[in-house]
2 protein chains.
Amino acid sequence: MDLHVVHKPHRVPVGNVEGLTMRRLAERLAVTPTALYWHVDTKEDVLDLAVDHIFGDVPVPPATDDWRHDVRTLVGGWRAAMLRHTWAPGLIGRPMLGPNVVARTAFLEAALGRGGHDGVRLAVVTRLLANFVIGSALTESTWRATATSATHGGWSDDELFDRGLDAILG
Amino acid sequence: MDLHVVHKPHRVPVGNVEGLTMRRLAERLAVTPTALYWHVDTKEDVLDLAVDHIFGDVPVPPATDDWRHDVRTLVGGWRAAMLRHTWAPGLIGRPMLGPNVVARTAFLEAALGRGGHDGVRLAVVTRLLANFVIGSALTESTWRATATSATHGGWSDDELFDRGLDAILG
DNA sequence: ACCTGAACACCGTTCAAGT
DNA sequence: ACCTGAACACCGTTCAAGT
């Protein structure tokens, strides 16, 4: 057995996913843990519910005639929502198929469509955007949680994200 | 009428984070669970070790005179490594600070530097790339795991990822 | 230096039973 | 339809003790 710990920054468990417990949830609902299983099949189910709930917090703005602006608004709200709920990162490793997610994705594709995207290009840019937000929110909130605050350069997460969007949207 | 008469043992998906247990790890190492705690402070530590171990699988190619090619090779290998280890997605929500990660990031920045990037632009593109891979690997392996196989269009994950890279690298 | 055994305070989930 | 109590099969971690 040869395990070597290379690095050990002080870490706070990211958000509350690890702390989300059937028993704890039951207690908050003033109910017995076993009672939850009448409403839900498994803990996975409540996690899925939590995921879609987060995306309900992402504002879907009215569509304007500036499609780029619309994309930025939605995607910015997406990232913000994920950062607001520190437990999101631990949750995003699961299917995002709820109605709230679907609605946001539809808005995104519609805006890109107004920008002249269709076919593969539409699929490519949609994925690029979505995966960029997800990756960003994940790493940012991870670093935020470790509180190492390395500040690798003089640029904020917000600025780097924004300019990343510039690079994608042209 | 209930078919699940027998006590259902814990579902243990091999090869994913949720299945990684101190006790299970100890067993594989032919050792007592408590023995692990001489080598390691906490389970978090072994998770961190696992993370960096994954990135050790990402090949660092020799630098060529085609910086774009170098970037694609590294980033493609990065995604592949993450997809190879199905448990990676659950792990990436934690600091990637090990030596293997640092080496890969350095290579990436060097290649981008050869492409004329510096200052903010270097930081922006590095982040964009890294967060895109992370997000991609995460969502792809999630969908793969749920096996919904929706095939939203006629395009493969590989193709969409590749063309996403096109969009980023110009 | 390295490992064991026993113990503590937790988990998710099932089942029979109550209302 | 909705909830409880008891139980099962697990967890991570600590601590004293052995070599």
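As a reminder, the structure under discussion sits directly above these lines.
For the structure given in this document, a descriptive report is provided here. (Residues numbered from 1 in each chain as written. Chains lettered and ligands numbered in written order. Predicted model: local features only at pLDDT ≥ 70, side-chain atom pairs only at ≥ 80, totals over all residues. Heavy atoms only, no water.)

1. Side note on the pattern of salt bridges
Pairs can form between side chains of opposite charge once their charged atoms are near each other. Applicable threshold: Salt-bridge detection follows one rule: a side-chain nitrogen of Lys or Arg within 4 Å of a carboxyl oxygen of Asp or Glu. Runs of E in the DSSP output that reach at least two residues are strands. Runs of H or I that reach at least four are helices, and both are numbered from the N terminus. Working definition: with a 1.4 Å probe on protein chains only, accessible area under 20% of the residue-type maximum means buried, over 50% means exposed, and in between means partly exposed.
On inspection of all chains with the given rule, the structure shows 16 salt bridges over all chains. Where Asp157 of chain B meets Arg127 of chain A, a salt bridge forms, and the shortest distance between an N and an O atom there is 2.8 Å. Note that Asp157 of chain B is positioned in helix H8 (residues 157–169) and Arg127 of chain A in helix H7 (residues 119–146), a pairing that runs across two chains. Each member of the pair Asp157 of chain B and Arg127 of chain A is classed as buried. Taking the shortest distance from any N to any O, the salt bridge between Asp166 of chain B and Arg72 of chain B comes out at 2.8 Å. Of the two residues, Asp166 of chain B is situated in helix H8 and Arg72 of chain B in helix H4 (residues 67–84); the sequence distance between them amounts to 94 residues. Under the relative-accessibility criterion, Arg72 of chain B is labelled partly exposed at 25%.

2. A word on helix H3 (residues 43–56) of chain B
Heads up, the condition is: To estimate how far a helix should extend, the number of its residues minus one is multiplied by 1.5 Å.
The terminal C-alpha atoms of H3 of chain B lie 20 Å apart, and with 14 residues this matches the ideal 20 Å at 1.5 Å per residue to within 8%. Among the residues making up H3 of chain B, those that are buried are Asp45, Val46, Leu47, Asp48, Ala50, Val51, Asp52, Ile54 and Phe55 of chain B.

3. Here's the deal with the protein's contact with DNA strand D
Definition in use: Nearness is judged by heavy atoms alone; a residue qualifies as near a molecule or strand once a single heavy atom is within 4 Å of it. Counted as a polar contact is a pair of N or O atoms within 3.5 Å, where, for protein atoms, one must be capable of donating a hydrogen and the other of accepting one, and residues adjacent in sequence contribute only when both atoms are in side chains.
Surveying the vicinity of DNA strand D reveals 17 residues, the closest of which are Trp38 and His39 of chain A together with Arg23, Thr34 and Thr42 of chain B. Counted by atom, the contact set of DNA strand D within 4 Å of the protein is 52% sugar and phosphate. Take Met22 of chain B: an N or O atom from its main chain is 3.0 Å from a phosphate oxygen of DNA strand D. One of the side-chain nitrogen or oxygen atoms of Thr42 of chain B is found 2.6 Å away from a phosphate oxygen of DNA strand D.

4. Some thoughts on helix H8 (residues 157–169) of chain A
Residues and elements named next belong to chain A. Filter applied, for reference: The arc in question is the one traced by the directions running from the helix axis out to the C-beta atoms.
Helix length check: H8, at 13 residues, gives a terminal C-alpha distance of 18 Å against a target of 18 Å (1.5 Å per residue), a fit within 8%. Among the residues of H8, Asp157, Leu160, Phe161, Gly164, Leu165, Ile168 and Leu169 are the ones counted as buried. Relative to the axis of H8, the buried residues are bounded by an arc of 165 degrees and lie together on one face. Trailing H8 by a residue or two, Gly170 shows a phi angle of about 75 degrees, which is positive.

5. Brief notes about the packing of helix H4 (residues 67–84) of chain A against H8 of chain A
Residue and element names in this part refer to chain A. Convention followed: Lines fitted to C-alpha atoms define the axes here, with helix axes fitted over just the stretch in contact, and angles between the N-to-C directions of these axes take values from 0 to 180 degrees. In this scheme, roughly parallel covers angles under 35 degrees and roughly antiparallel covers those over 145, while 65 to 115 is roughly perpendicular and the rest are oblique. Crossing handedness is read from the near helix: turned anticlockwise from the far helix by less than a right angle, it gives a left-handed crossing, and turned clockwise, a right-handed one. Residues are treated as being in contact if the distance between any of their heavy atoms lies within 4.5 Å. For this classification, Asp, Glu, Lys and Arg are treated as charged, while Ala, Val, Leu, Ile, Met, Phe, Trp, Tyr, Cys and Pro are nonpolar and the rest, including Gly, are polar.
The N-to-C vectors of H4 and H8 enclose an angle of 140 degrees; their axes lie 11 Å apart at closest approach. In this view, H4 runs oblique relative to H8, as classed from their interaxial angle. Remark: the crossing between H4 and H8 carries right-handed chirality. Together, Trp67, Arg68, Val71, Arg72, Val75 and Arg79 of H4 and Asp157, Asp158, Phe161, Asp162, Leu165, Asp166 and Leu169 of H8 make up the contact between the two elements. Residues that form the contact of H4 with H8 fall into these classes: 6 nonpolar, no polar and 7 charged.

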